[in-house]
Amino acid sequence: SNNKQASNNKQASNNKQASIQPTTSTMFRRMFGKKTESTVSKSSAVAASPASLQATIVELHDFIATQEKREEFLHKRMQSVMETAEKRTAMGDKKGTISILELKNTIESEIDTINETKIILQSLVINLESAAQDADTLVTLERCIRKLSEKEKS
């Protein structure tokens, strides 16, 4: 019976997380811009043909730009939090200042996470660009081999 309760608790928490997910993405779209129809069509085109490296690279660049917007927003928010902390310190409100500084630490950790994500995305872009270059090189080599074999036949 304890296992059933634990299983039910896990399902309930998963359902809560699933219901939170769309709200969070909606919030980010409102804050950092909604997807345009062209972006949506690009996303579906990438899903339809995963071999399209260029479309994937463009999508990654768009996502990096979104991350940079989030980072800029968080820097502005941290600036306002620091100004509030300075005001609270001047008023002698130590508890308020401490809670504000805890919020600042949370924002800093979010910024660090964004920076790590951007580094990963940028390395993915570099790897995909390298793969695209390699694919172009292989196509050129195959074309050269075909031309040489045609020349030998004639």
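Bear in mind that the values here come from a model prediction, so they are computed numbers and not experimental data.

A short note on the overall build of the protein
Link 1 in the chain: On a plain count of helices and strands, the protein comes out with four helices and zero strands.
Link 2 in the chain: Start at the N end of the protein and walk to the C end: the helices and strands fall as α-α-α-α.
Link 3 in the chain: Looking at the protein residue by residue over its 154 residues, the buried ones come to 16%.
Link 4 in the chain: Put simply, 70% of the contacts in the protein that link residues at least 6 apart link residues at least 24 apart.
Link 5 in the chain: With an accessible surface of roughly 11,900 Å², the protein has 56% of that area assigned to carbon and sulfur atoms.

Thoughts on the packing of helix α3 (residues 53–91) against helix α4 (residues 94–153)
Link 1 in the chain: Running from N to C, α3 and α4 cross one another at 165 degrees; their axes reach a closest spacing of 9 Å. In terms of orientation, α3 and α4 fall into the roughly antiparallel class. Once α3 is placed against α4, the crossing between them reads as left-handed.
Link 2 in the chain: Of the residues assigned to the contact of α3 with α4, the class counts are 22 nonpolar, 11 polar and 10 charged.

Points about the nonpolar core
Link 1 in the chain: One finds Leu74, Met78, Val81, Ala85, Ile100, Ile107, Ile111 and Ile114 forming the largest nonpolar core, which totals eight residues.
Link 2 in the chain: Breaking this core down by element, the ones donating at least two residues are α3 and α4.
Link 3 in the chain: In this structure Ile111 touches Glu71, Leu74, His75 and Met78, once residues within four positions along its chain are discounted.

Topic: α4
Link 1 in the chain: Across its 60 residues, α4 extends 88 Å between first and last C-alpha, which sits within 8% of the 88 Å expected from 1.5 Å per residue.
Link 2 in the chain: Among all positions of α4, only Gly96, Thr97, Ile100, Lys104, Ile107, Ile111, Ile114, Lys118, Leu121, Val125, Leu128 and Ala132 are buried.
Link 3 in the chain: Its side-chain oxygen at 3.1 Å from the backbone nitrogen of Gly96, Asp93 defines the N-terminal cap of α4.

So, the side chain of Lys118
Link 1 in the chain: Looking at where Lys118 falls in the secondary structure, it is placed in helix α4.
Link 2 in the chain: Apart from residues no more than four positions distant in its own chain, Lys118 is found in contact with Ile64, Gln67, Glu68 and Glu71.

Looking at the confidence of the model for the protein
Link 1 in the chain: Confidence in the prediction for the protein averages 78 pLDDT; 67% of positions are at 70 or higher.
Link 2 in the chain: For the protein, per-element mean pLDDT is lowest for helix α2 (residues 37–48), which scores 43, and highest for α3, which scores 93.
Link 3 in the chain: Considering only residues more than four positions removed or in separate chains, one finds that residues 14–22, a stretch of pLDDT under 50, has zero contacts.
Link 4 in the chain: A low-confidence stretch, residues 39–50 (pLDDT under 50), is modelled with eight contacts involving residues beyond four sequence positions or located in other chains.

Details of the side chain of Gln67
Link 1 in the chain: Looking at where Gln67 falls in the secondary structure, it is placed in helix α3.
Link 2 in the chain: A residue is classified by how much of its surface remains accessible, and Gln67, at 5% relative accessible area, is buried.
Link 3 in the chain: Discounting chain neighbours no more than four positions away, the residues touching Gln67 are Ile114, Thr117, Lys118 and Leu121.

Here's the deal with the pattern of salt bridges
Link 1 in the chain: Evaluated as defined, the whole model comprises four salt bridges.
Link 2 in the chain: Taking the shortest distance from any N to any O, the salt bridge between Lys76 and Glu72 comes out at 3.6 Å. One end of the pair, Lys76, and the other, Glu72, are both in helix α3, four residues apart, so they sit about a helical turn from each other.
Link 3 in the chain: Relative accessible area serves as the criterion here: at 47%, Glu72 is assigned to the partly exposed category.

About the criteria used
- Residues numbered from 1 in each chain as written.
- Predicted model: local features only at pLDDT ≥ 70, side-chain atom pairs only at ≥ 80, totals over all residues.
- Heavy atoms only, no water.
- Helix = DSSP H or I, 4+ residues; strand = E, 2+ residues; numbered from the N terminus.
- Buried < 20%, exposed > 50% of the residue type's maximum accessible area, 1.4 Å probe, protein only.
- Contact = heavy atoms within 4.5 Å.
- Areas by Shrake-Rupley, 256 points an atom, 1.4 Å probe, with all protein chains shown as cover.
- Axes fitted to C-alpha atoms, helices over the stretch in contact; angles between N-to-C directions.
- Parallel < 35°, antiparallel > 145°, perpendicular 65-115°, else oblique.
- Left-handed = near helix turned anticlockwise from the far one by under 90°.
- Nonpolar A, V, L, I, M, F, W, Y, C, P; charged D, E, K, R; others polar.
- Core = buried A, V, L, I, M, F, W, Y, C linked by side-chain atoms within 4.5 Å.
- Expected span 1.5 Å × (residues − 1).
- Polar contact = N/O pair within 3.5 Å; in protein donor to acceptor, adjacent residues only side chain to side chain.
- pLDDT = per-residue confidence, 0-100.
- Salt bridge = Lys/Arg side-chain N within 4 Å of Asp/Glu carboxyl O.

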